[in-house]
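Here are the chains, one letter per residue:
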Amino acid sequence: MSNEAAGLLKHFLEQRQVAGQTHVVLKPGMLDRLKQRGKPSRPAQPDVPMVSLPMQSRAAMPQPAPKPTAQPAPSTSPKSSAAVASLSSTDKVALIEVTGQTKAEKLAALAAHAGASSTIQALGTLRPILVSASGSPDADILFIGEAPGMEEEEAGQPFMGPAGQKLTGIITAMGLKREAVYLTHFCKQRPAIKGEQGIANRAATDQEMRAFLPYILTEISIVAPKVVIVLGPAVAGALSLGESMIRLRGKFHQVQGIQTIVTFHPNYILREEKLAGGGLKAKRELWEDMLKVMQTVGLPISEKQSNYFKK
Ligand code: URA
């Protein structure tokens, strides 16, 4: 196998791991397709056999090495580029027209629109319950997760399981209450698994994420927070920001003209915590992202807060 093919295959497998899969099926002709694309994408087929995992094992991971993407490369180093915003190409996507006087009314109309969407229903790969967002429509900070799992579907709210507890801890450390921020999912219905799904969750496919793109962009525009926080590379990829955490972290991007930071998914932190070192490095990196957000929205930062997760 050539170096190029090995590199593409390695990247593909890393992406599958990020999406939570522990097994992949390598189909004939796949390498040729990967070569044509230059960069492999997430699987578009929900039927691809996969091992079902509980949500907490489906952690988002940082990319081990920067890979070329369609995004323009950052022109400055991560340290000096905190104020440099890169635009998401999703800014050209048509938003959904919704009526309503208040943000809450508009968001309710948007949720009803998504619930009635024939495009989403036609996928036939998502469970029927639409999981609403939670928190304040007037929030300065909007967090985006990937898709609901079992706990979120049952509660009808984002981030209710172990990842949710971790996220609540992060929000609390920022000096905020969960109700003061806005929490939402990119893909608003739990991805279905054929047969007896039970507690198993799976990552949303590209196709499923794409179906919700106009919705999440409209949602961001309605809430119009000061900062959007993207949790993990799957959501970043679906927003056309790229999927390399190494490239994405540490600087602001722009989505719908709003300052957007990409950080680790709480599931990734949960997994890192179980490793030697207790995930201190990842926690500090995530925390540095949160400090940037706090500074941008004008939250006070105590000395104690600025030193969290330092050795
Ligand atoms: N992962 C997500 O992206 N969202 C949740 O609500 C839970 C886990």
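We now turn to the structure provided with this report. (Residues numbered from 1 in each chain as written. Predicted model: local features only at pLDDT ≥ 70, side-chain atom pairs only at ≥ 80, totals over all residues. Heavy atoms only, no water.)

## Quick notes on the site of the ligand
Lining the immediate environment of the ligand, one finds 10 residues, of which Glu 146, Glu 152, Phe 159, His 185 and His 265 sit closest. A distance of 2.8 Å separates an oxygen atom of the ligand from a polar backbone atom of Glu 146. One nitrogen or oxygen atom from the side chain of Glu 152 is found 3.3 Å from an oxygen atom belonging to the ligand. Expressed as a share of its isolated accessible area of 240 Å², the protein-covered part of the ligand is 98%. In terms of residue class, the shell around the ligand is made up of five nonpolar, three polar and two charged. (Near = heavy atom within 4 Å. Polar contact = N/O pair within 3.5 Å; in protein donor to acceptor, adjacent residues only side chain to side chain. Areas by Shrake-Rupley, 256 points an atom, 1.4 Å probe, with all protein chains shown as cover. Nonpolar A, V, L, I, M, F, W, Y, C, P; charged D, E, K, R; others polar.)

## Considering the pattern of salt bridges
This model, assessed by the stated rule, comprises 12 salt bridges. Measuring nitrogen to oxygen at the nearest pair gives 2.6 Å for the salt bridge that ties Glu 219 to Lys 188. A residue pair is termed long-range when its members are at least 10 positions apart, and Glu 219 in helix H7 (residues 206–223) and Lys 188 in the loop between strand E5 (182–185) and strand E6 (189–191) qualify at 31 residues. Lys 188 matches Glu 219 in its accessibility class, with the two residues each being buried. (Salt bridge = Lys/Arg side-chain N within 4 Å of Asp/Glu carboxyl O. Helix = DSSP H or I, 4+ residues; strand = E, 2+ residues; numbered from the N terminus. Buried < 20%, exposed > 50% of the residue type's maximum accessible area, 1.4 Å probe, protein only.)

## Quick look at the side chain of Ser 136
Position of Ser 136 among the secondary structure elements: in the loop between strand E3 (134–135) and strand E4 (141–145). Excluding its chain neighbours within four sequence positions, the residues that come into contact with Ser 136 are Glu 179, Ala 180, Val 181 and Tyr 182. (Contact = heavy atoms within 4.5 Å.)

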